[in-house]
Amino acid sequence: MKLWGGRFTKEENELVNSFNASLPFDRRFYRQDIRGSMAHVKMLKKQGIISDPDAQAITEGLMSIRRDLDEGTLSFDETSEDIHSFIEAELTKRIGEPGKRLHTGRSRNDQVALDMKLYTRDEIDALMELLTGLLDVILSIADANTDTIMPGFTHLQKAQPITLSHHLMAYFEMFKRDWLRMKSIRERMNTCPLGSGALAGTTYPLDREYTASMLDFDGPTLNSIDGVSDRDYVIELLSAMATVMMHLSRFSEEFIIWNSNEYRFIDLDDAYSTGSSIMPQKKNPDIAELVRGKTGRVYGALTSMLVTMKGLPLAYNKDMQEDKEMFFDAVDTTKNCLKLFTDMLASTRFNKKNMYKSAAGGFTNATDAADYLVGKGVPFRDAHSIVGRLVLLCEKRGIALDELTLEEYRSISPVFDTDVYEAIKLETCVMRRNTIGAPGPEAMKITLELERKWLESTQN
Ligand code: ARG
């Protein structure tokens, strides 16, 4: 049934109908739509705009529709244009005349704006919870690995020794910012567009504050044109999700590298890897690869939404119906990736020995050897060049800096003494980096404590 049949004379053709329809995807927020309608009706009744018995009939009708949709005993009528038309038609079918009063003082423009906000808010809550779960797993592994030495990289070349704890806490910081971004988007978007009407408000004495507070908004939107045509929060959330995915993708990339035959830093649980149909030896990091791969979809959704909005004159235009499908897909993708990545991380085994061996093999203590010389009064630039020559010597012989004899050290600089071996031990290199944010165990203890406290504070 059409909500706007009155003015029209010609039946549209089927292609036009299906091109125009949004029910196949906006059915996703039937619960939000019904929640909004129930608040609207309660407000209409309080304001004396509709009668008590009508309001009661509508509320009960909406509740029965919601129950039947929840239980799957009512199916969506595929000929309805959108979720709003479907529910209103179904309501009128069930309760008759009063159903036709539901849309008093409302337009689908402010209705869909409300539904999108309610849906977005619910999904932000779900995303924040998933982020908290991931942060918790990262923190636990980091807590247990403050002395697990591994190489830190720049340019994917071994650079300086760090710890697994330190490396993982870098991701903690990223996902913490993601969480904070979600929180601030939620705060900024929390105004209720219902009552904006089609674009110019309504002539009915609506109590918009009342509706807003029933729906847990901070208050009503303050401009009815903006109320129906704002999709900034969709773009903001897409951008925040794109950033989450970028972080997950970088983490995945590292997992893929760490899982490679050359590195063997981690053993992925069988549940998060798959075999090859031809090569029996394979254990592929498919889940990490898929997370990395799916990042593109979320970026695509963000670009699509920015482009959809950029040319739209105020206020509502049907282009805005395109705010849904890719957004929903981006939300689903980000949630699934967060969930899967968290579980994969929690079940991963870290091969501490291989990490240590790798850190020991790559001259990651060369900076510390130079710092050792500086400690003995050699200018840093000279120390840098002396250690460079030592590295060259080691490379020729296929050994590490700590395997050189004292004579060999002294052949390049007489400043070296037996204490050099202690100074360039990987443990020493890490232990001495104790300014805040660095991998030294003292510094890490402080950061881990601060972040644990912060994480706990998000639960209140
Ligand atoms: N299905 C529409 C959407 O998703 C609902 C709003 C329709 N409003 C209108 N004037 N056609 O945007």
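Residues numbered from 1 in each chain as written. Predicted model: local features only at pLDDT ≥ 70, side-chain atom pairs only at ≥ 80, totals over all residues. Heavy atoms only, no water.

A. The arrangement of the pattern of salt bridges in detail. Within the structure shown, the criterion is met by 34 salt bridges. A salt bridge links Arg94 to Glu90; its shortest N-O distance comes to 2.8 Å. In this pair, Arg94 and Glu90 are both assigned in helix 5 (residues 83-95), four residues apart and thus about one turn of the helix distant. Relative accessible area serves as the criterion here: at 31%, Arg94 is assigned to the partly exposed category. A salt bridge links Lys339 to Asp343; the nearest nitrogen and oxygen atoms lie 2.9 Å apart. Of the two residues, Lys339 and Asp343 are both situated in helix 12 (residues 325-347); the distance of four residues between them amounts to about one turn of the helix. Take Lys339: its relative accessible area is 42%, and that puts it in the partly exposed class. (Salt bridge = Lys/Arg side-chain N within 4 Å of Asp/Glu carboxyl O. Helix = DSSP H or I, 4+ residues; strand = E, 2+ residues; numbered from the N terminus. Buried < 20%, exposed > 50% of the residue type's maximum accessible area, 1.4 Å probe, protein only.)

B. Examining helix 3 (residues 30-46) more closely. Helix length check: helix 3 (17 residues) gives 24 Å between terminal C-alpha atoms against 24 Å at 1.5 Å per residue, within 8%. Within helix 3 the residues assigned to the buried category are Tyr30, Gln32, Asp33, Ile34, Gly36, Ser37, Met38, Ala39, His40, Val41, Met43 and Leu44. Each element contacted by the buried residues of helix 3 is listed here: helix 2 (23-26), helix 4 (52-71), helix 5, helix 6 (108-143) and helix 8 (208-214). (Expected span 1.5 Å × (residues − 1). Contact = heavy atoms within 4.5 Å.)

C. Region of interest: the nonpolar core. Counting residues in each nonpolar core, the largest one holds 96 residues, and the members touching the most others are Ile138, Met182, Met241, Leu248, Phe255, Phe327 and Leu345. Here this core takes 16 residues from helix 10 (residues 232-258), the largest share from any one element. Residues within four places of Met241 in sequence aside, it is in contact with Leu127, Met182, Val298, Phe327, Ala330, Val331 and Thr334. Formed by 23 residues, the second largest nonpolar core is a distinct cluster that contains Ala369, Val387, Val391 and Val420. (Core = buried A, V, L, I, M, F, W, Y, C linked by side-chain atoms within 4.5 Å.)

D. Inspection of the pairing of strand 1 (residues 149-154) at higher detail. As paired strands, strand 1 and strand 2 (residues 157-163) are joined by six bridges and run antiparallel to one another. Of the residues in strand 2, the one forming a bridge with Pro151 is Pro161. Hairpin connection of strand 1 to strand 2: two residues between the antiparallel strands, including His155 at a positive phi of 55°. (Pairing = 2+ DSSP bridges.)

E. Quick peek at the packing of aromatic side chains. Within the structure shown, the criterion is met by 20 aromatic pairs. With a centroid separation of 6.3 Å and 80° between ring planes, the pair formed by Phe172 and Trp454 is classed as edge-to-face. A residue pair is termed long-range when its members are at least 10 positions apart, and Phe172 in helix 7 (residues 164-189) and Trp454 in helix 19 (residues 441-457) qualify at 282 residues. For the pair shown, Phe172 and Trp454 are each scored as buried. (Phe/Tyr/Trp six-rings, centres within 6.5 Å; stacked < 30°, edge-to-face > 60°.)

F. Looking closely at the side chain of Gln321. For Gln321, the position within the fold is in the loop between helix 11 (286-310) and helix 12. Those residues in contact with Gln321 that lie beyond four places of it in its chain are Asn20, Ala21, Ser22, Phe25 and Tyr316.

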